[in-house]
Amino acid sequence: MALLNFKKRDTGGAKTVTPEVEAFLQGYSIEVMPRTAAKVDDFRALLPQETRVYIAHIDGTPIEDMVSTAKRLNDQGFSVMPHFPARIIKDKATLADWIARYQGEANVKQALLLAGGVTTPHGDFDSSMQLLETGLFDQANFTNLHVAGHPEGNRDIDPDGTMKNVSEALQWKQKFSERTDAKMALATQFAFEAKPIIAWANGLKEAGVDIPIHIGIAGPAKLQTLIKFAIACGVGPSLKVLQKRAMDVSKLLLPYEPTEVLTELAAYKAANPEFNITNVHFFPLGGIKTNATWAINNGGASAVPAKDHA
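Criteria and cut-off values
- Residues numbered from 1 in each chain as written.
- Predicted model: local features only at pLDDT ≥ 70, side-chain atom pairs only at ≥ 80, totals over all residues.
- Heavy atoms only, no water.
- Core = buried A, V, L, I, M, F, W, Y, C linked by side-chain atoms within 4.5 Å.
- Buried < 20%, exposed > 50% of the residue type's maximum accessible area, 1.4 Å probe, protein only.
- Helix = DSSP H or I, 4+ residues; strand = E, 2+ residues; numbered from the N terminus.
- Contact = heavy atoms within 4.5 Å.
- Axes fitted to C-alpha atoms, helices over the stretch in contact; angles between N-to-C directions.
- Left-handed = near helix turned anticlockwise from the far one by under 90°.
- pLDDT = per-residue confidence, 0-100.

Caption draft 1: Here's a closer look at the nonpolar core. In this structure, Phe-84, Phe-137, Leu-145, Leu-265 and Phe-282 are the most contacted members of the largest nonpolar core, which totals 81 residues. At six residues, helix α8 (residues 194-206) tops the list of elements feeding residues into this core. Not counting chain neighbours up to four residues away, the residues in contact with Leu-145 comprise Ala-111, Leu-113, Leu-132, Phe-137, Phe-176, Ala-182, Lys-183, Met-184 and Ala-185. The next biggest cluster of nonpolar side chains, apart from the first, holds six residues, and it includes Tyr-54, Leu-114, Ala-148 and Ala-187.

Caption draft 2: Quick look at the packing of helix α3 (residues 63-75) against helix α4 (residues 92-106). The N-to-C vectors of α3 and α4 enclose an angle of 30 degrees; their axes lie 9 Å apart at closest approach. Regarding α3 and α4, the two cross each other, and that crossing is right-handed. Contact residues: α3 offers Ile-63, Glu-64, Met-66, Val-67, Ala-70, Lys-71 and Asn-74, while α4 offers Trp-98, Arg-101, Tyr-102, Glu-105 and Ala-106.

Caption draft 3: Spotlight on the confidence of the model for the chain. Residues with a pLDDT of 70 or more make up 83% of the chain, whose mean pLDDT is 87. Of the regions scoring below 50 in pLDDT, residues 1-14 engages in 35 contacts with residues more than four places distant in sequence or in other chains.

Caption draft 4: A look at unusual backbone geometry. The backbone phi angle of Asn-107 is positive, close to 55 degrees, even though this residue is not glycine. Relative to the elements of secondary structure, Asn-107 occurs in the loop between α4 and β4 (110-114). Judged by its relative accessible area of 44%, Asn-107 is partly exposed. Despite not being glycine, Asn-141 shows a phi value in the positive range, around 60 degrees. With respect to the secondary-structure elements, Asn-141 resides in the loop between α6 (136-139) and β5 (144-149).

Below is the structure:
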């Protein structure tokens, strides 16, 4: 996604940013929830204009809160992508209503479709594939449809620890992407080691899945906070990176920053331009402002100064 009208960041000489990381961070996205977004006075002070902002729909969040958050972000000039978690959507009529409200009130034309974090479906849907099969997003002329990716697998989908069901679902989504005009991408769960991520992404391509990957990256946060979220979100073997860090008393109280994993991914991308990871997607677990500031200081484009806001 092209990002327009950026001001260059001012690092004040405090940090050296490599061209590879700077290139890798262009077009990054970030995820918010209505309750976290409400704490931000003006997103234009934190994010480059046209940044894609995903809005996570947690079970129990009223659709009114989701739509109002989407409208606010759209009005401030951002590319809004709300989650549609299949297992909390009662039926096709409810899905149609949500789509109509997002479009009518917030001009939303893109969505992240996923199963959702609940075990028992609330209604007719169990997977993102079922949402796609309704045809409602095509009828509503959605331009971008993203689905979930899992570099370390997903125990909810494959309880035996394999990637069998996840892989079969990706093959289905690949075929769907080939018969639709919507731009599709995989937005992934966050992980902490670059080498397994690279191997997973290359494995997908070898298996014929060439949907672009927007790799999930946990933003800077307190180590204890990050470990808590990582366990809750089912992060796999790369969790050991945090656990090893927690055993080092000298690092225990220092905030985690994703510098190492991003630097390695960026270097690989620079050496392999056809690599199918195309964008970075931040999970701001330590706070939206903290993440946005870190991104700017580490190569991401800067926000537009307040005096330039429309």
